[in-house]
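# Reading the structure
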Amino acid sequence: MEDISDQYAPEEVEASAEAHWDEHDAYGATKAAHADDPPFFFVDGPPYTSGQMHLGTAWNKTLKDAVIRYKRMRGHRVTDRPGYDMHGLPIEVKVERELGFDSKRDIEELGVEAFIEECKAFAERNRETMDDDFRSMGVWMDWENPYKTLSPEYMEATWWAFKRVHENGLVKRGKRAINQCPRCETAIADNEVEYHEIESPSIYVKFPLVDREGSLVIWTTTPWTIPANAFVAVDGEMTYRAVRAETDGRSELLYLAEPVVEEVLKKGRYEDYEVVDEVSGDEMVGWEYEHPLADEVPDHVDFEGALQVYTADYVEADRTGLVHSAPGHGQEDFERGRELGLEIFSPVAGNGEFTDEAGKYAGTFVRDANDEIIADLDAKGLLLSSGRHTHRYGQCWRCDTDIVFLATDQWFITVTDIKDELLENIEHSEWYPQWARDNRFRNFVEDAPDWNVSRQRYWGIPLPIWVPEDAGEDLSADDIVVVGTREELAERVDQDVDPEALDLHRPSVDDLTITEGGTTYRRVPDVFDVWIDSSVASWGTLDYPSETADYEELWPADLIIEAHDQTRGWFWSQLGMGTAAVGDVPYRQVLMHGFANDKDGRKMSKSVGNIVTPHEAIERAGRDPLRAYLLSHDQQGADLAFEWDGLADTQATLNILWNVFRFPLPYMRLDGYDPAEADLDDGELSVVDEWVLSRLQSVKAEMTRHWDEYEVHAALNALFDFVTGDVSRFYVKAIRERMWEEEDSASKRGAYAALSTVLLETVRLLAPFTPFLAEEMYQHLDGGETTVHMLSWPEVDPDLHDPDLEANMAVLRNVEEAAANARQQGGRKLRWPVQRIVVETDDDAVAEAVRSLEGLLLDRVNARSLEVVEAFDELVEYAEPQMGVIGPKFGGDAQKVMRAVRGKTREELEGDLADAESARPAVEVDGDVYELEADMVEYRAEPPENVAGADFEGGTVYVDTALTEEIEAEGYARDIVRRVQEMRKQLDLDVEEHIRTRLDVADERVRGFVDRHREFIAEETRTAEFAEGDEFDLDGDGVDSPFDLVERWDVEGVDVTIGIERLGAEEQTA
RNA sequence: GGGCCAAUAGCUCAGUCAGGUUGAGCGCUCGGCUGAUAACCGGGAGGUCCGCGGUUCAAAUCCGCGUUGGCCCA
């Protein structure tokens, strides 16, 4: 057995364990060990390959790793294929930056194929870095074979699923109001829009009414949407006022919501006004108005029903209460416009420039046209007021460009058509924590809109949709062709393609055409929203549909594990895709963990500068400590507030475990005891051994219970409590002496066996959490198998489980703690024995517990005898005068009486002076006897001299600290043993090395005490002989001294000089 | 603006579901023990249970309204 370092050094442990794993292919051995077990299909939620592992992803992968290791130990063949999400706009944007590109035109100039290659290379580079990061955390997944969303097999899974969705009639093309990033020239999803503060124009505009006098007044911050105005919205129930407003001698009739009249007229700097009429919103419906930019935008809407007043529920009584509505430029306007059957007019291109339909403004970027539009309105006398307004506005999550709202043709999965089924399928999975499913997730699914799956970009999975060449605006689902596999593609396209060799990315599929039934179909140029990619992970992990065997055995996933942001992300996309494609949710259990925030619970961010990287944490504390720290906090929905001190504490806890582990090894080695061969039937088990073995059974049961509810942190903390609270604090302390015994003994072998059992099972219980440390300890203790991680999870042994003993020991520990407290009060340190302790309790269970463990208790508290009583009758009652009663009775003498009473015992007060019959207390002051009433004195019971008491749950412990010669003798002897041990330590002597010792005690009486215990001292300190007569050389030059070390000590005020001398090899056996 | 979650000792968190004297670990401090020794044990100090209101004999716990933080959505 190699040497164990004195201190837990995570870096060394991790390097050593890792070397062992590499050398023996421990991962392979572990998988082989469970190859025939029942399957457990875990699916890894693929992290995006944007860069490095951060604390959150480190936590995520650590939790996954712990669960996978646990499931293996419980006897499962676990699917552990990691995944990477490698497509999408973030990578495109980064590659564009690397190449110095500004727009899509640059990409087209470079060539799509070359751009795709750049993106692929970028994603692969990032993946490799992340591979290394995850591996470095000790995550055992199949890193040789990750699933990658950019592989043809994986991409095919999305095609396959999408074809199922189409077959279910849930694929549609339609105009939708979308968020367009004018730089990226693509639609982006609502959840990809980030909000920030911007300053915009704020204008009030008059829309002149047709066929009646006056104008509607609207307010907007986006003048550029006025060319697309189609209607004005009112609140049907709101009151509107027609006011005649005067300024510069002119008067106008304006319509405004009743509560905002004053405010708006002030903005328009009107001098005076008069209310001439009141109408409800409902009454205004159908009023027609002129388009305010009719001349500038000749193609403005003029179809039936346009440019009229309608009601809408998005109208509020602020600004003007009349809302300019352009269905081509806003979500709500769009929805309402659709309801009203209005055509959608959106004269803006994907790059944010006005099209020819915008007339005068054609070719101008929309926000650049704002000033011109405002000027035009002003020139026409339609501008009531113009100012600036600060508000929140959306921008593209990748390039920070402000978005524009457009209505464009997009492809959708119409999940709103299957809402009931989605909600029902939610019930087909168990969530940990459950509230996340029943509240959060359900709410989201209830409100989920149709899923826009098309993006007008390059780096993604091409939509497998082919549409007729001459297709017009109205395209039905029956008209399109959706291809499900590479094989099918090769069969149906007009060109010759090899399905095996096809990359599937753009542009390889862009020019493929299908001709069927006399119609030629062309692929739509879009790629999938990247959420489609990961939504098929349950199939992609199994290479379905190109491979079918695993799919048939395993699907759906038994478990997925992600943070709570994925409620609206991956948890949802899988439910949506699963339900739309095959009618079921692709996972059975969800473990949802939290986010890693900073110590104040705030989000870690570059701008705040509070980011802690896993690399930094590993460097400062180690991999296992970081893992244990992350896993020791609530793993179900709660965020983590990362704290360096907490990480250090976790490391300290592991250090205690390390100490417990290394403490017995030198003794076992001396005795040639192999912990791997530990046999509880060899040797004698004492009550503490039985106890610790029973506790071990309880801990196993508790941990298993927690694990099975995915209360991972509770399982880990139960183990930590056992190791620190039970094993280190109590058990090790209790068996230390047995280890130190020189001779072989049944008792020592019993302790070895019990401790070995505890350690070996603890190591297994620990393995899922801190795999390096567990491995290192296992290899030292046993090493019978290639790795600790291929072993099975320890099971409860009912024969070793004794709950009564555990309960009794809990009582004993309470008593011991109270006794230590009492000793401290009594000023008697533990090294000095006490005559007796008295346990006072009225609880039979407590009395029984204490009696049954008497020997152990006496040993632990270093007492000679134990008494267990219902009431301790040696308490002395001390008087406490009650001035409220004494004062009025004795008047001027009251102070004197009080002083005389205070501190007297009941015996003294009720003794000679008192009336014998009534036993009324009395005191004598200055020769006068004062008789007292009973209520003038209360008593407080205290232990007698030399006895100190302390309460515990269930009673009180009294410690009798009275000294006897015998006790003093033992106390001094033990004090001296302690000093010699200290000196042995200073000389760095081996445990078994013998010494010659000289004791020079300055006090004659104490010398006598010490001499009584020479034999005891010799045995405890491995002193082969005591030296007599030698002169100590206390000058410090050491020349004349035969001793290796001489020291003067103060032992309880007595000068003691001790010399010890290392004996030569030939004398060692003496 | 909306949904969900959280807030308890200096720090990390139990306790909240099912109302009944607020607990643990770490840290601080004083002491003890010690051939696990850079470890270990005991005592002590330390609380507006985020705030306000309600229900109740009784609220950290149940209800309502807020504040702050997190995630998601607008």
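Use the structure listed above.
Everything numeric here is computed off the predicted structure, so don't read it as measured data. (Residues numbered from 1 in each chain as written. Chains lettered and ligands numbered in written order. Predicted model: local features only at pLDDT ≥ 70, side-chain atom pairs only at ≥ 80, totals over all residues. Heavy atoms only, no water.)

### Some thoughts on the sheet that holds strand β14 (residues 323-325)
To keep it simple, the criterion reads: For two strands to be treated as a pair, DSSP must find no fewer than two bridges joining them. Counting from the N terminus, the helices are DSSP H or I runs at least four residues long and the strands are E runs at least two residues long. For helices, the fitted axis covers only the stretch in contact; all axes are lines through C-alpha atoms, and the angles between them, taken along N-to-C directions, range from 0 to 180 degrees. Pairs of residues are marked as contacts when any of their non-hydrogen atoms sit within 4.5 Å.
Spatially, 3 strands are ordered β13-β9-β14 in an open sheet, and the strand pairing comes out mixed. Every other strand in the sheet has two partners, leaving β13 (308-311) and β14 as the edge strands with one partner each. On average, each strand axis in the sheet is tilted by 35 degrees relative to the strand beside it, whichever way the strands run. Inspection of the sheet shows strand β9 (residues 231-234) paired to β13 by 4 bridges, in the parallel sense. By the bridge assignment, Val 232 is partnered in β13 with Val 309. With respect to the sheet, helix α10 (residues 331-339) is in contact with β9, β13 and β14, its orientation differing from that of β9 by roughly 100 degrees.

### Concerning the packing of aromatic side chains
When we look at a pair of aromatic rings, we describe it by the centre distance and by the angle of the planes. Our working rule: Stacked, tilted and edge-to-face are the three classes applied to pairs of Phe, Tyr and Trp rings, where Trp contributes its six-membered ring and a pair requires centres within 6.5 Å; stacked means planes under 30 degrees apart, edge-to-face means over 60, and tilted covers the rest. When a residue's accessible area, from a 1.4 Å probe over protein chains only, is under 20% of the maximum for its type it is buried; when over 50% it is exposed; and in between it is partly exposed. Note on geometry: a ring has a charge over it if NZ (lysine) or CZ (arginine) is within 6 Å of the ring centre and within 35 degrees of the ring normal.
In the structure shown here, the tally under the stated rule is 36 aromatic pairs. Seen from their ring centres, Phe 354 and Tyr 361 are 6.1 Å apart, and the 45 degrees between their planes marks the pair as tilted. When sorted by exposure, Phe 354 lands in the same class as Tyr 361, which is buried. Consider the rings of Tyr 629 and Phe 642, whose centres lie 5.4 Å apart with planes at 85 degrees: the pair is edge-to-face. Highlighted residues: Tyr 629 in helix α20 (residues 623-631) and Phe 642 in the loop between β28 (640-641) and α21 (644-662), separated in sequence by 13 residues. Neither residue differs from the other here; Tyr 629 and Phe 642 are each classed as buried. For Arg 176, the ring lying beneath its charged end belongs to Phe 412, and the centroid distance is 4.1 Å.

### Focus: the pattern of salt bridges
Rule in force here: For this document, the term salt bridge refers to a Lys or Arg side-chain nitrogen within 4 Å of an Asp or Glu carboxyl oxygen.
Counted by the stated rule, this structure contains 70 salt bridges. Among the ionic pairs, Arg 695 bridges to Glu 806, the shortest N-O distance being 3.2 Å. Here the residue Arg 695 occupies a position in helix α23 (residues 687-708), and Glu 806 occupies one in helix α27 (residues 803-826), the gap between them amounting to 111 residues. Close ionic contact of Asp 975 with Arg 831 constitutes a salt bridge, the shortest N to O distance being 2.1 Å.

### Looking at helix α1 (residues 10-24)
Definition in use: By this rule, a helix spans an expected 1.5 Å times one less than how many residues it contains. What the arc describes is the spread of directions from the helix axis to the C-beta atoms.
The end-to-end C-alpha separation of α1 is 21 Å, in line with the 21 Å expected for 15 residues at 1.5 Å each. Regarding α1, the residues found buried are Pro 10, Val 13, Glu 14, Ala 17, His 20 and Trp 21. Seen from one end, α1 has its buried residues packed into an arc of 130 degrees, which puts them on one side. The exposed set on the far side of α1, more than 90 degrees from its buried face, consists of Glu 11, Glu 12, Asp 22 and Glu 23. Following α1 by one or two positions, Asp 25 has its phi on the positive side, about 45 degrees.

### A word on the environment of Ala 35
Looking at the secondary structure, you find Ala 35 in the loop between α2 (26-33) and β1 (39-40). Sequence separation between Ala 35 and Gly 75 is 40 residues; the distance between their C-alpha atoms is 9.6 Å.

### Describing a negative patch on the surface
Filter applied, for reference: Only residues whose relative accessible area exceeds 30% and that form no salt bridge are eligible for patches; like-charged ones are grouped when within 9 Å, while nonpolar side chains (Val, Leu, Ile, Met, Phe, Trp, Tyr) are grouped when within 5 Å. In short, Shrake-Rupley with a 1.4 Å probe defines the accessible areas, and a residue's cover is counted only from the protein chains shown. The convention is simple: Lys and Arg are positive, Asp and Glu are negative, and His and the chain ends are not counted. By convention, the point assigned to a charge is CZ for Arg, NZ for Lys, CD for Glu and CG for Asp.
A surface patch of like charges, here negative, comprises Glu 153, Glu 487, Glu 491, Asp 498, Glu 500, Glu 547 and Asp 550. Here Glu 153 lies in helix α7 (residues 152-167).

### Quick look at the sheet that holds strand β11 (residues 250-257)
One open sheet holds the 6 strands; their spatial order is β12-β10-β11-β8-β7-β15, and the pairing between them is mixed. Edge strands, defined here as strands with exactly one partner in the open sheet, are β12 (272-280) and β15 (383-396). Sheet twist, expressed as the mean angle between neighbouring strand axes with direction ignored, is 30 degrees. Taken together, the 13 bridges between strand β7 (residues 193-208) and β15 define a ladder with antiparallel strand orientation. In the strand pairing of β15, Tyr 195 is matched with Gly 394. Strands β7 and β15 of the sheet are contacted by helix α11 (residues 370-379), whose axis makes an angle of about 15 degrees with β7.

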